[in-house]
Number of protein chains: 2
Amino acid sequence: MPVGELATHLPVSRSAVSQHLKVLKEAGLVAEQAAGTRRIYHLNEAAVLALRDQLDTFWDRALSGFQDLVERPPEAKRKRKGHDRAR
Amino acid sequence: MPVGELATHLPVSRSAVSQHLKVLKEAGLVAEQAAGTRRIYHLNEAAVLALRDQLDTFWDRALSGFQDLVERPPEAKRKRKGHDRAR
DNA sequence: ACTAACGGTTAGTTGATACTAACGAATGGG
DNA sequence: CCCATTCGTTAGTATCAACTAACCGTTAGT
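All residue numbers refer to positions counted from 1 along the written sequence of the respective chain. Going through the entries in the order they are written, you letter the chains from A and number the ligands from 1. The model is predicted, so local features are restricted to residues of pLDDT at least 70 and side-chain atom pairs to those at 80 or more, both for listing and for counting; the totals for chains, interfaces and linings are taken over all residues. Side-chain numbers here rest on the full set of heavy atoms in the structure, without hydrogens or water.

Colleague: Run through helix 2 (residues 14-26) of chain B, naming residues and quoting values.
Modeller: By definition, any uninterrupted DSSP run of H or I lasting at least four residues is a helix, any uninterrupted run of E lasting at least two residues is a strand, and each is numbered from the N terminus. Multiplying 1.5 Å by the helix residue count minus one yields the expected span of that helix. Between its first and last C-alpha, helix 2 of chain B extends 18 Å over 13 residues, near the 18 Å set by a 1.5 Å rise per residue. Positive phi appears at Gly28(B), one or two residues downstream of helix 2 of chain B, with a value of about 85°.

Colleague: So what's going on with the pairing of strand 2 (residues 38-43) of chain A? Residues and values would help.
Modeller: Looking along a regular strand, one sees the side chains alternate between the two faces of the sheet. All names here are of chain A. Paired strands, in this sense, are two strands between which DSSP finds at least two bridges. Alignment of strand 1 (residues 30-35) against strand 2, held across 6 bridges, turns out to be antiparallel. Bridge pairing links Glu32 to Tyr41 in strand 2. Here strand 1 folds back onto strand 2 in antiparallel fashion, the turn holding 2 residues, of which Gly36 has a positive phi close to 65°.

Colleague: Outline the protein's contact with DNA strand C, listing residues and values.
Modeller: By convention in these notes, a residue is near a molecule or strand provided one of its non-hydrogen atoms lies within 4 Å of it. Surveying the vicinity of DNA strand C reveals 22 residues, the closest of which are Ser18(A), Ser13(B), Ser15(B), Gln19(B) and His20(B). Near the protein, within 4 Å, the atoms of DNA strand C are sugar or phosphate in 58% of cases. Polar contacts here mean pairs of N or O atoms no more than 3.5 Å apart (in protein, one a potential hydrogen donor and the other a potential acceptor; neighbouring residues in sequence count only if both atoms are side-chain atoms). Here a base oxygen of DNA strand C sits 2.9 Å away from a polar atom, N or O, in the side chain of Gln19(A). The residue makeup of the surface near DNA strand C, split by class, is 5 nonpolar, 11 polar and 6 charged. When residue character is reported, Ala, Val, Leu, Ile, Met, Phe, Trp, Tyr, Cys and Pro are called nonpolar, Asp, Glu, Lys and Arg charged, and the others, Gly included, polar.

Colleague: An account of the confidence of the model for chain A is requested, with residue identities and associated values reported.
Modeller: Residues and elements named next belong to chain A. Confidence per residue, as judged by the predictor, is encoded in pLDDT with a range of 0 to 100. In the predicted model, chain A carries a mean pLDDT of 80, and the fraction of residues at 70 or more is 75%. Averaged pLDDT values over the elements of chain A bottom out at 84 in helix 3 (residues 45-70) and peak at 95 in helix 2 (residues 14-26). Taken together, the stretch residues 70-87 has pLDDT below 50 and engages in 27 contacts with residues farther than four places along the chain or on a different chain. Residues count as neighbours in contact if any of their non-hydrogen atoms are within 4.5 Å of one another.

Colleague: Which residues make up the side chain of Asp56(A), and what are the values?
Modeller: Its location among the elements puts Asp56(A) in helix 3. What makes Asp56(A) buried here is its relative accessible area of 5%. A distance of 2.8 Å separates the side chain of Asp56(A) from the side chain of Arg52(B), its partner in a polar contact. The cut-offs for exposure are 20% and 50% of the maximum accessible area for each residue type, with area from a 1.4 Å probe on protein chains only; residues under the lower value are buried, those over the upper are exposed, and the others partly exposed.

Now the structure itself:
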């Protein structure tokens, strides 16, 4: 999606959008293609999913670490429920 | 764990820890018990897990929303893998 | 060449966050 | 009562994220 169009959907200026997209691009979460004067941005879905996985791992470790810290008897283990996309 | 002890494990001042704990308490993520001059803080595990769930839901929606936005053909659905605590 | 459209970049502003040092209230022991 | 310990709170400081307006380079049509 082009920057300008993207910005029409958001409550901020086109310039702000441009700046955010720059950060996202540098992080590898979006990719950009030039089309004339337009810059078409695409989500890098694999990277976003990887980010999610990393956050998931972070949470797993954090919760595991907290469990150690308070030295409580371990509760019955609870598997994370699966999440299907509801569409 | 008492505030002062907690602070010895962290790279910030005791006062900073106290301030953070206040925010966490107000958010319901920790609970406090007075023991003399000491304040013993406990994690509110249920609340932390609920927060994680909410973040999880947020991500589900965000990813679902992004999928709509780019109007790509839906990929084969991938169930989230289960996470067992490795301990 | 001129013009319009697009978007990256810069400078400036604002508000939030995180920190430290210091103060003082509360607790408990001698 | 005095003293030491603990910790919440305040004031001040620094950093950073997020924003806007403006500028200007690039592209493409006439």
